[in-house]
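Chain by chain, the residues:
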Amino acid sequence: MTIVIPFLSLLLWEMGITEHHSLSVWTGLVFSATFLSAAIMAPIWGVFADKYGQRANLIRAGIGMGLITGCMAFAASPIALLALRFLVGFFSGFITVSFSYLARVVPKDHSGEALGTLQTGSIAGNIIGPLIGGALSDWFGFRPVFLVTGFCILLTLLPVIFWLEKDPVVPQTKENKASFKEVFRHRPLIVLFIATFLVQIAVLGVNSMMTIFVQSLVGHSRNLAFLSGLASSITGIATIIGAPYLGKLGDRIGQEKTLPILLVLSGLFALPQVWTDNIYELYVWRFLQGLVVGGVWPSIQALINAQSPRRIQGRVFGVTASSRFLGNLTGPTAAGAVAGLFSIAYMFALSGLLLIATGALVGYANRQAAAGAQSFDIKEKLAAWKHRLHSRH
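Residues numbered from 1 in each chain as written. Predicted model: local features only at pLDDT ≥ 70, side-chain atom pairs only at ≥ 80, totals over all residues. Heavy atoms only, no water.

1. What to know about the overall build of the protein chain
Each helix and strand in the protein chain was counted, giving 17 helices and zero strands. Seen through its principal axes, the protein chain has C-alpha atoms that stretch 90 × 45 × 35 Å. Residue pairs at least 24 apart in sequence account for 82% of intrachain contacts in the protein chain once pairs closer than 6 positions are excluded. (Helix = DSSP H or I, 4+ residues; strand = E, 2+ residues; numbered from the N terminus. Contact = heavy atoms within 4.5 Å.)

Structure follows, in structure tokens:
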């Protein structure tokens, strides 16, 4: 999906939007349209998953995304491109559904390691995709690349159909009927939905403004695109390195213990970037933050999986996906507002403080849940002793 990212604004220019302000507005709309429709549809596809399974959900997402992305090659106007980007969001969520499928079929004591490994695939695609897209668009033009992208997405259905087993589905009966009301009755899940939303704001907000910040460090350098791309990619490379190990660590000592620590550390590594005035110093802090932040998303997913009753798991991951897409929408807007009010560097302060606050929220919620469980355990023991004494009497 990231193959088409580098040249969307250039395609809009080719379509006739050449005024700078209009091009910025249209580029923002075309980028964000997919996230908006995806956030709307994610809970509905969660209901679909509860009925038919996440494997069927993967096939649904692949077909829709592949065909509609291919159709973008024939978009004749900015309105048509915007409509197709909005429409593809209705079918998107392949990666989020992949996390949900894996969480269902992998033993829970290995879910952190498995989800961490899957995270490396997602991040690697985010790094490699734009490089491939830039090269293909230089060689063949913009429109054929949409066809190539659509074809590649459809190709991913082959291993899904022929290699993946169907994930188990709990039959929906009157006594065992799933509902979103039950999803929001679980307080730990609500905390994790909020954490997902805030983490996406913190990460996506910085990424969206990275080129402008790098320009403030190096000026109008001839290789500005490369330097700013490296600042984003180096975090992804560090994430690929750190995610599997941190996931495995979470499986060993408990994801509820590692997640608050990872969030706070990630925030602490973000804050020094506010005062960075050297590009190489920025790379060091971005790499260190990437090593830690790579374990955050798998840890959240593993905890959501552990807290979700099987019959509502699809709905839970649907709400999780909505939280993530809404964070994708909000992050660039929030970072842009902070940069406009204060300074571009203060987007790192926003990111760092959000991550630290999210770590504190998750840690507090975990302590409350542990205290509640301990209190419940004591009550159970007292009731058992009382019953034993009454039986003897």
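2. A short note on the nonpolar core
Membership of the largest hydrophobic core comes to 32 residues, with the highest contact counts inside it found for Leu259, Leu263, Val296, Ile300, Ile304 and Val316. Put simply, the parts of the chain that give this core at least two residues each are helix H5 (94-105), helix H10 (187-208), helix H13 (255-270), helix H14 (279-293), helix H15 (296-307), helix H16 (313-341) and helix H17 (346-392). With nine residues, H10 is the largest single contributor of residues to this core. Setting aside anything within four residues of it in sequence, one finds leucine 263 in contact with Val199, Val296, Leu355, Ile356, Thr358, Gly359 and Val362. Grouped together as the second largest cluster of nonpolar side chains are 30 residues, Met15, Ala73, Ala75 and Leu81 included. (Core = buried A, V, L, I, M, F, W, Y, C linked by side-chain atoms within 4.5 Å. Buried < 20%, exposed > 50% of the residue type's maximum accessible area, 1.4 Å probe, protein only.)

3. Brief notes about the packing of helix H3 (residues 54-71) against helix H4 (residues 78-91)
With their axes 8 Å apart at the nearest point, H3 and H4 run at an angle of 170 degrees to one another. One way to sum up the angle between H3 and H4 is to call them roughly antiparallel. Residues Arg60, Ala61, Gly64, Met65, Ile68, Thr69 and Cys71 of H3 touch H4, and the partners they reach there are Leu84, Leu87, Val88, Phe90 and Phe91. Residues of the contact of H3 with H4, tallied by class, amount to nine nonpolar, two polar and one charged. (Axes fitted to C-alpha atoms, helices over the stretch in contact; angles between N-to-C directions. Parallel < 35°, antiparallel > 145°, perpendicular 65-115°, else oblique. Nonpolar A, V, L, I, M, F, W, Y, C, P; charged D, E, K, R; others polar.)

4. As for the layout of surface pockets
Estimated volume of the second largest pocket: approximately 350 Å³. Lining the second largest pocket are 16 residues, and of these Pro188, Gln307, Ala365, Asn366 and Ala369 sit closest to its centre. Elements supplying a minimum of two residues to the lining of the second largest pocket: H10, H13, H15 and H17. Looking at the lining of the second largest pocket, the element that brings in the most residues is H17, giving seven residues. Considered class by class, the residues forming the lining of the second largest pocket number 10 nonpolar, three polar and three charged. (1 Å grid on protein atoms, 1.4 Å probe; cavity = no way out; pocket = protein on both sides within 12 Å on 5 of 7 lines; lining within 4 Å. Points joined across faces, edges and corners; volume = space filled by probe spheres on them.)

5. Some details on a nonpolar patch on the surface
Taken together, Phe151, Leu155, Leu158, Ile161, Phe162 and Trp163 make up a surface patch of nonpolar side chains, about 720 Å² in accessible area. At the level of secondary structure, the elements contributing two or more residues to the nonpolar patch comprise helix H7 (142-155) and helix H8 (157-163). With respect to the helices and strands, phenylalanine 162 occurs in helix H8. Taking the relative accessible area as the measure of exposure, phenylalanine 162 reaches 63% and is therefore exposed. (Patch = residues over 30% accessible without salt bridge, like charges linked within 9 Å, V, L, I, M, F, W, Y side chains within 5 Å. Areas by Shrake-Rupley, 256 points an atom, 1.4 Å probe, with all protein chains shown as cover. Salt bridge = Lys/Arg side-chain N within 4 Å of Asp/Glu carboxyl O.)

6. Some words on the pattern of salt bridges
Per the counting criterion, the structure on display carries three salt bridges. The salt bridge involving arginine 315 is made with aspartate 50; its shortest N-O contact spans 2.8 Å. In this pair, arginine 315 sits in helix H16 while aspartate 50 sits in helix H2 (residues 20-52), placing the two residues 265 residues apart along the sequence. You'll find arginine 315 and aspartate 50 in the same group, each marked buried. Among the ionic contacts, a cluster of salt bridges with common partners joins Asp50, Arg104, Asp167 and Arg315.

7. Quick word on the packing of aromatic side chains
Within this structure, the stated rule accounts for 12 aromatic pairs. Summarising the aromatic geometry, the rings of tryptophan 45 and phenylalanine 48 are spaced 5.8 Å apart at their centres and angled 85 degrees between planes, so their arrangement reads as edge-to-face. Of this pair, tryptophan 45 and phenylalanine 48 both sit in helix H2, three residues apart, roughly one helical turn. Look at tryptophan 45 and you get buried, because its relative accessible area is 16%. Under the relative-accessibility criterion, phenylalanine 48 is labelled partly exposed at 23%. Between phenylalanine 184 and phenylalanine 193, the aromatic rings sit 6.1 Å apart at their centres with planes inclined by 65 degrees, giving edge-to-face as the arrangement. (Phe/Tyr/Trp six-rings, centres within 6.5 Å; stacked < 30°, edge-to-face > 60°.)

8. Some points on empty space enclosed by the protein
Taken as a whole and assessed by the stated rule, the structure comprises one cavity of 30 Å³ or more. Ala42, Trp45, Val97, Gly318 and Ala321 are the residues nearest the centre of the largest cavity, which is lined by 19 residues in total. Those elements that provide at least two residues to the lining of the largest cavity are H2, H3, H5 and H16.

9. Some words on H16
Between its first and last C-alpha, H16 extends 41 Å over 29 residues, near the 42 Å set by a 1.5 Å rise per residue. Where H16 bends most, at threonine 330, the angle is about 30 degrees, and the proline proline 332 comes one to four residues later. (Expected span 1.5 Å × (residues − 1). Bend = angle between axes of the 7 residues up to and from the residue.)

10. Quick word on the packing of H2 against H3
The interhelical angle for the contact between H2 and H3, taken along N-to-C directions, is 130 degrees, at an axis separation of 7 Å. Classified by the angle their axes make, H2 and H3 are oblique. Contacts from Trp45, Phe48, Ala49 and Tyr52 of H2 reach H3 at Gln54, Ala56, Asn57 and Arg60. When its residues are assigned to classes, the contact of H2 with H3 shows five nonpolar, two polar and one charged.

11. Things to note about the side chain of threonine 149
Within the secondary structure, threonine 149 sits in helix H7. Among the polar contacts made by the side chain of threonine 149, one reaches the main-chain carbonyl oxygen of valine 145 at a distance of 2.8 Å. (Polar contact = N/O pair within 3.5 Å; in protein donor to acceptor, adjacent residues only side chain to side chain.)

12. Some remarks on the state of the cysteines
Throughout the structure, instances matching the rule amount to zero disulfides. Cysteine 152 provides the cysteine sulfur closest to cysteine 71, a residue in no disulfide bond, and the two sulfurs are 16 Å apart. Residue cysteine 152 is classed as partly exposed on the basis of its relative accessible area, which comes to 36%. (Disulfide = S-S within 2.5 Å.)

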